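Residue-level structure breakdown
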Protein chains: 2
Amino acid sequence: MSRWEPDAPGRLQLAAFELYTERGYDQTTVAEIAARAGLTERTFFRHFADKREVLFNGGDRFRATIVDHVLAVPASATTLEVVTAGIQAAGSVFPDRDTIRRRQALLHANPELQERELSKLATLATSISQALRDRGSPATTADLAAETGVAVMRIALTRWIEDPTERPWRTHVNTTMAELRQLTA
Amino acid sequence: MSRWEPDAPGRLQLAAFELYTERGYDQTTVAEIAARAGLTERTFFRHFADKREVLFNGGDRFRATIVDHVLAVPASATTLEVVTAGIQAAGSVFPDRDTIRRRQALLHANPELQERELSKLATLATSISQALRDRGSPATTADLAAETGVAVMRIALTRWIEDPTERPWRTHVNTTMAELRQLTA
């Protein structure tokens, strides 16, 4: 077997996703994930630190997309507009709703996965805050705007995947931001 | 040795705190924590699930204090005023600043502890949201207000422990809430 496996991370992620859903997260081993993907355990560990991490493949790209958009907003925008633009952009790298729905159900059912998700979201908030500082925001404002933005994103995500009329991501972000404004008015 | 140990959880927490600071979290075992506290490992596991959990002793009381205050605010208050009252009340159950400062440094240095902290804060947000629903808030408003409130609390906490002039908790909560209003105006 060649060391080069086309899209090994994606295949491992899909296999893990299927097995966690079929058998449960605790009952699945790395060996089984690798076998389902037609790869070796060694390949698994070349790409992921553990069986939690495989569910977070794509997270760096997600974070980079948000940060890039935060940095690209014209200087005339308010801090909240900048953060909103970043969160809007996240929609461009989401998989389809059904995949996210199943992923969130998995996270919800497994405290270990939930903890890792929260940790990734905290890292995302830190990155957004750093991008806001790079744009010239004071550190205190940057932290507050980033934390608030991530809170809005989480709530908009739940609404988006649960929306029976399937309105677009953008609509849910705007609605949630409008509610935040109303809440603090 | 009697099965009844006065304030065993508090003694174990103090011992864990000292050992994690002196030797590092990874290098400390449950046996060592129990020995330092003058208790058995069995007593440790009667009170805590693992060596992470021992650092979160008091968390239920903290959460209950906030929820009780959220429920006690007069019905005429706005949702944000209600959440602010809950967060203000958290100040009454904080240990002194120096203990919190050392605790936050420990969390910051250990990703495992940080993940558990984030998980506890997510539970806190869920509890605040539930209390707001019990007061009659719609579910969507309750979630958003609770998540935003916890974000404000985290930022106020950092400012409070880092404040060289040692202004009270109440001042930092009010200042951070005022900044949130300005951010979303």
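Residues numbered from 1 in each chain as written. Chains lettered and ligands numbered in written order. Predicted model: local features only at pLDDT ≥ 70, side-chain atom pairs only at ≥ 80, totals over all residues. Heavy atoms only, no water.

Examining the overall build of chain A
Rules: Helix and strand definitions here come from DSSP, where helices need a minimum of 4 consecutive H or I residues and strands a minimum of 2 consecutive E residues; each element is numbered from the N-terminal end. Buried, partly exposed and exposed residues are distinguished by accessible area as a fraction of the type maximum, computed with a 1.4 Å probe on protein chains only: under 20%, between the cut-offs, and over 50%, respectively. Note on contacts: a residue pair qualifies if any of its non-hydrogen atoms lie within 4.5 Å across the two residues. Note on charges: Lys and Arg go in the positive column, Asp and Glu in the negative column, and His and the chain ends are not counted at all. All charge positions are set by atom: Lys at NZ, Arg at CZ, Asp at CG, Glu at CD.
Counting secondary structure elements, chain A contains nine helices and zero strands. Along chain A, from the amino end to the carboxyl end, the secondary structure elements read α-α-α-α-α-α-α-α-α. Counting the 185 residues in chain A, one finds 49% classified as buried. Sequence separation of 24 or more characterises 65% of the internal contacts of chain A that already satisfy a separation of 6 or more. Computing the positive centroid from 23 side-chain charges and the negative centroid from 24, chain A places the two 2 Å apart.

Overview of the side chain of T43 of chain B
Residue and element names in this part refer to chain B. Operational definition: Any pair of N or O atoms that falls within 3.5 Å is considered a polar contact. Within protein, one atom must be able to donate a hydrogen and the other to accept it, and sequence-neighbouring residues count only if both atoms are side-chain atoms.
With respect to the secondary-structure elements, T43 resides in helix α3 (residues 41-47). Since its relative accessible area comes to 4%, T43 is described here as buried. A polar contact of 2.9 Å, which involves the side chain of T43, links it to the side chain of T40.

What to know about the relation of the copies chain A and chain B
The test is simple: When the copies are superposed, the least-squares fit draws on C-alpha atoms of residues that have pLDDT of at least 70 in both.
Expressed as a screw transformation, the operator carrying chain A onto chain B has a rotation angle of 180° and an axial translation of 0.0 Å, and the superposed copies differ by an RMSD of 0.0 Å. The operation mapping one copy onto its partner corresponds to a two-fold rotation axis. Looking at chain A, 100% of its interface residues are interface residues in chain B too, so the copies touch through the same face.

Looking at the side chain of R103 of chain B
If you trace the backbone, R103 of chain B turns up in helix α6 (residues 97-109). Sequence-distant contacts of R103 of chain B, defined by excluding residues within four places in its chain, comprise F17, L55, F56 and E117 of chain B.

Concerning empty space enclosed by the protein
The criterion, for reference: Residues are said to line a cavity or pocket when one of their atoms sits within 4 Å of a point; the points come from a 1 Å grid over protein atoms alone, cavities being sets where a 1.4 Å probe fits but cannot get out and pockets being open sets with protein on both sides within 12 Å along at least five of seven lines. Grid points are joined across faces, edges and corners, and a volume is the space filled by probe spheres set on the points. Under the grouping applied here, Gly and all other residues not named as nonpolar or charged are polar, the nonpolar ones being Ala, Val, Leu, Ile, Met, Phe, Trp, Tyr, Cys and Pro and the charged ones Asp, Glu, Lys and Arg.
Following the criterion strictly, the structure yields one cavity of 30 Å³ or more and no others. A volume near 250 Å³ is recorded for the largest cavity. Around the largest cavity, the lining is made up of 16 residues, and of these E147 and R154 of chain A together with L118, E147 and R154 of chain B lie nearest the centre. Of all the elements in the fold, those that place two or more residues in the lining of the largest cavity are α7 (111-134) and α8 (139-162) of chain A together with α7 (111-134) and α8 (139-162) of chain B. Here the residues of the lining of the largest cavity sort into twelve nonpolar, no polar and four charged.

A word on the packing of aromatic side chains
Operational definition: Each Phe, Tyr or Trp ring (for Trp, its six-membered ring) is paired with any other whose centre lies within 6.5 Å, and the angle between the two planes then decides the class: stacked below 30 degrees, edge-to-face above 60, tilted in between. Throughout this description, the term charge over a ring refers to an Arg CZ or Lys NZ atom that lies within 6 Å of the ring centre and within 35 degrees of the ring normal.
Counted under the stated rule, the structure contains 14 aromatic pairs over all chains. Their ring planes at 75° and their centres at 5.0 Å tell us that Y20 of chain B and Y25 of chain B sit as a pair that is edge-to-face. Exposure class is identical for Y20 of chain B and Y25 of chain B. Each is buried. Members of the aromatic cluster, each reached through a chain of ring pairs, are F62, F94, W160 and W169 of chain A. Just above the ring of Y25 of chain B sits the side chain of K51 of chain B; from NZ or CZ to the centre is 4.4 Å.

Concerning the interface of chain A and chain B
To keep things clear, this is the line we draw: Here the quantity called buried area is the total loss of accessible area, with a 1.4 Å probe, experienced by two parts when brought into contact, counted for both. Salt bridge, as used here, is a side-chain nitrogen of Lys or Arg placed within 4 Å of a carboxyl oxygen of Asp or Glu.
Between chain A and chain B, the contact holds 26 residues from the first and 26 residues from the second. Taking both partners together, chain A and chain B bury about 2,300 Å²; carbon and sulfur atoms supply 67% of that area. Considering only the side of chain A, the residues that lose the most area to chain B are E115, L144 and L183 of chain A, jointly responsible for 30% of the buried surface there. Put simply, chain A and chain B have six salt bridges between them. A salt bridge links E115 of chain A to R52 of chain B, with the nearest nitrogen and oxygen atoms 3.2 Å apart.

Brief notes about α7 of chain B
Put simply, the rule reads: Expected span, for any helix, means 1.5 Å times one less than how many residues it has.
Spanning 24 residues, α7 of chain B covers 35 Å between terminal C-alpha atoms, matching the ideal 34 Å at 1.5 Å per step. In the segment just after α7 of chain B, G136 of chain B is the residue with positive phi, at about 110°.

Let's talk about the domain arrangement of chain A
All names here are of chain A. The condition that has to hold: Start and end positions for the domains come from either an automated domain assignment or a database one.
Once the domains are mapped, chain A shows domain 1 (8-48) and domain 2 (58-184). Spacing between the C-alpha centres of domain 1 and domain 2 amounts to 28 Å. Considering only the side of domain 1, the residues that lose the most area to domain 2 are F17, Y20 and Y25, jointly responsible for 81% of the buried surface there. Here domain 1 is connected to domain 2 by zero salt bridges. On the surface where domain 1 and domain 2 come into contact, there are zero residue pairs in polar contact (both at pLDDT 80 or more).

What to know about the nonpolar core
The condition that has to hold: Nonpolar core, defined: a set of buried Ala, Val, Leu, Ile, Met, Phe, Trp, Tyr and Cys residues in which side-chain atoms within 4.5 Å join the residues together.
Within the largest apolar cluster, 72 residues are counted, with the highest numbers of intra-cluster contacts made by W169 of chain A together with W169 of chain B. With sequence-adjacent residues up to four places away left out, W169 of chain B is seen in contact with I87, Q88, A90, G91, F94, M153, A156, L157 and W160 of chain B.

Topic: the packing of α7 of chain A against α8 of chain A
How two helices sit against one another is set out by the angle between their axes and by the gap between those axes. Residues and elements named next belong to chain A. This is how the line gets drawn: Orientation is described by lines fitted to C-alpha atoms, with helices fitted over the stretch in contact, and by angles between N-to-C directions that extend from 0 to 180 degrees. Should an angle fall under 35 degrees it is taken as roughly parallel, and over 145 as roughly antiparallel, whereas 65 to 115 is taken as roughly perpendicular and any remaining angle as oblique. Two helices cross in a left-handed way if the nearer one is turned anticlockwise from the farther one by less than a right angle. They cross in a right-handed way if the turn is clockwise.
Viewed as axis vectors pointing N to C, α7 and α8 meet at an angle of 135°, and their least axial separation amounts to 8 Å. For the element pair α7 / α8, the angle class is oblique. With respect to the hand of their crossing, α7 and α8 are arranged in right-handed fashion. Of α8, the residues touching α7 (which contributes L118, L121, L124, A125, I128, S129, L132 and R133) are A139, A142, D143, A145, A146, E147, V150, M153 and R154. Each residue belonging to the contact of α7 with α8 can be placed in one class, and the counts come to twelve nonpolar, one polar and four charged.

Description of the packing of α8 of chain A against helix α9 (residues 169-184) of chain A
Residue and element names in this part refer to chain A. Viewed as axis vectors pointing N to C, α8 and α9 meet at an angle of 130°, and their least axial separation amounts to 9 Å. Accordingly, the angle class assigned to the pair α8 and α9 is oblique. Crossing hand, α8 versus α9: right-handed. Facing α8, whose interface residues are T148, V152, M153, I155, A156, L157, R159 and W160, α9 presents W169, H172, V173, T175, T176, M177, E179 and L180. Among the residues forming the contact of α8 with α9, the class breakdown is ten nonpolar, four polar and two charged.

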